[in-house]
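Summary of structural features
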Amino acid sequence: MNKILVTRSSMPDFDEYIEEIKDIWESHWLTNMGPKHKKLQAELKEYLGVENIDLFVNGHMSLELSLQALKMQGEVITTPFTFASTIHAIVRNGLEPVFCDINPDDYTIDVSKIESLITDRTCAIMPVHVYGNVCNVEEIQRIAYKYGLKVIYDAAHTFGEKYKGQGIGTFGDVSCFSFHATKVFNTIEGGAACFKNPEFGLDLYRLKNFGIRGPEVVDAVGANAKMNEFSAAMGICNLRHIDEEIAKRKKVVERYRERLGNVSGIKLSPIQEDVQSNYAYFPVVFDENVFGATRNEVCDRLAENDINVRKYFYPLTNMFDCFNGKYNVDDTPVALHISQRVLTLPLYADLSLKDVDRICDIILNI
Ligand SMILES: *Cc1c(COP(=O)(O)O)cnc(C)c1O
């Protein structure tokens, strides 16, 4: 039996990539916002339907530097049910995370609990469109407006999604995407920040390039977070095939839903109305009392069959060892409950329906 990994990076044909990087050999322009960077930026702006976009070396730096460019101080309300990057972007800016619980169905931030967490030190809300499930953007905007808070979306999972026909990157003050190898769209490593305010964009641009304003002026303590030309070239190629890739993912997801949709003890993410999905992940929540096996048992059984799944997102970010018990996971009981029961199943464009069936058979035979 072939080994199945949880994900497999999308790549263009070898010859297509070689063709795309030929100019780089002619120009010797390898990085520092060259022609490939400019081209990809323009194409993404159009594809994502956003007003402004800037490219980064990875998604994490787009989040971290966006918080810095917004000159945030104090507390940031976020959720613990996410990848390490979200919380690290907050803490590495000297900000304090305040953890809000999540919805039990779509796992995004529970907006009914945000207001009770706001203090006079709250500066921002950092929600996550987790697994590509879109947050309650209207309610988040209403709260942010009422209390004068900034909103920074971790949109790492929502590349290309639309909500009510509008590009997902248009919500909040900033929305950050990841173009990591494992994401729906990749530039090998990469990311982007989408934003409304062009002045913020200038600050952000400076921060990704050492805080350099001009040849003789460095007026911000920046980092180096530029996307190089080879990554941009990969993005240009992958973007040509993205709609096809998402369509293939959709087929895989539909098969999973068909096979696992009506099994007692297995809960799937809801299909969100008004959302044009990118089929980024396929999370499955096991209720061991009904299903008869725990998440860990399912995980082990799949591993025995050379099928690699992830306990995404376990542990919660408010349980990380690096925080030495500083946060109380009991403050976010729904997130804790889900993180102990969730698995994300293998999902990528080229996963065959035969393999999906094999995965489902193993789960259903437990
Ligand atoms: C992948 C990911 C990131 C970070 O992106 P990188 O490009 O890997 O730096 C941030 N947040 C979430 C939720 C992610 O899944």
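In this report, we go over the structure that sits alongside the text. Counting restarts for each chain, with residues numbered from 1 along the sequence as it is written. With the structure being a predicted model, the display of local features is reserved for residues of pLDDT at least 70 and the display and counting of side-chain atom pairs for 80 or more, all residues being used for whole-chain, interface and lining totals. Only hydrogens and water are set aside when side-chain values are computed; all heavy atoms of the structure are taken into account.

What follows covers the side chain of Thr122. Only DSSP runs of H or I covering at least 4 residues are called helices, and only runs of E covering at least 2 are called strands; the numbering of each starts at the N terminus. Its location among the elements puts Thr122 in strand S4 (residues 122–126). Burial classification: accessible surface area is computed with a 1.4 Å probe over protein chains only, and a residue below 20% of its type maximum counts as buried, one above 50% as exposed, and the rest as partly exposed. The exposure class assigned to Thr122 is buried, which follows from its relative accessible area of 10%. N or O atoms within 3.5 Å of each other form a polar contact, as long as, within protein, one can give a hydrogen and the other can take it, and as long as residues adjacent in sequence are counted only when both atoms are side-chain atoms. Here the side chain of Thr122 touches Thr119 through a polar contact of 2.8 Å, landing on its backbone nitrogen. Whether two residues are in contact is decided by their heavy atoms: any pair within 4.5 Å suffices. Here Thr122 is in contact with Glu75, Ile77, Leu117 and Leu149, once residues within four sequence places are set aside.

This next bit is on the pairing of strand S2 (residues 75–78). Every second residue of S2 is oriented toward a common face, with Glu75 and Ile77 on one face and Val76 and Thr78 on the other, all of them buried. Pairing between strands is defined by DSSP: at least two bridges between them are needed. As defined by bridge partners, S2 adjoins strand S3 (residues 96–99) across four bridges and the pair is classed as parallel. Opposite Val76, over in S3, you have Pro97 as the bridge partner. The crossover handedness rule: strands pointing away from the viewer, path from first strand over the helix to second strand clockwise, crossover right-handed. After leaving S2, the chain enters helix H4 (residues 84–91) and then returns to the sheet as S3, a path that is right-handed. As paired strands, S2 and S4 are joined by four bridges and run parallel to one another.

Looking now at the site of the ligand. Summary of the distance rule: residues count as near a molecule or strand when at least one heavy atom falls within 4 Å of that molecule or strand. For the ligand, the set of nearby residues contains 13 residues, the closest of which are Gly59, Asp154, His157, Ser178 and Lys183. Within the backbone of Gly59, a nitrogen or oxygen atom sits 2.8 Å from an oxygen atom of the ligand. Between the ligand and Asp154 there is a distance of 2.7 Å, counted from a nitrogen atom to a side-chain nitrogen or oxygen. Here the Shrake-Rupley method, with its probe set to 1.4 Å, supplies the accessible areas, and only the displayed protein chains count as covering residues. Expressed as a share of its isolated accessible area of 380 Å², the protein-covered part of the ligand is 93%.

To continue, consider the packing of aromatic side chains. Describing an aromatic ring pair means giving the distance of the ring centres and the angle of the ring planes. Note on ring pairs: Phe, Tyr and Trp rings are taken, using the six-membered ring of Trp, and paired if centres are within 6.5 Å. Classes follow the plane angle, with under 30 degrees stacked, over 60 edge-to-face and the rest tilted. One pass over the full model with this rule turns up 21 aromatic pairs. Between the aromatic rings of Phe195 and Phe200, the centroid separation amounts to 5.4 Å while the plane-to-plane angle is 70°, which identifies the pairing as edge-to-face. Residue class for Phe200 comes out buried when judged on its relative accessible area of 6%. Chaining the aromatic ring pairs together yields one cluster made of Phe81, Tyr107, Tyr131, Tyr281, Tyr312 and Phe313.

Bringing the sheet that holds S2 into the picture now. Read across the open sheet, the seven strands follow the order S1-S9-S8-S5-S4-S2-S3; overall the sheet is mixed. Of all the strands in the sheet, just strand S1 (52–56) and S3 have a single pairing partner and so form its edges. Across this sheet, the average inter-strand angle for adjacent strands is 25°, counted without regard to direction. Pairing of strand S8 (residues 174–178) with strand S9 (residues 191–195) involves five bridges; the strand directions are antiparallel. Looking at the pairing, Phe177 lines up with Ala192 of S9. The strands touched by helix H5 (residues 137–147) are S4 and strand S5 (150–154); relative to S5, the strand with the most contacts, the crossing angle is about 150°. Here, axes are lines fitted to C-alpha atoms. For helices the fit covers the stretch in contact, and angles between N-to-C directions go from 0 to 180 degrees. Packed on one face of the sheet, helix H6 (residues 198–207) meets S1, S8 and S9 and runs near 155° to S9.

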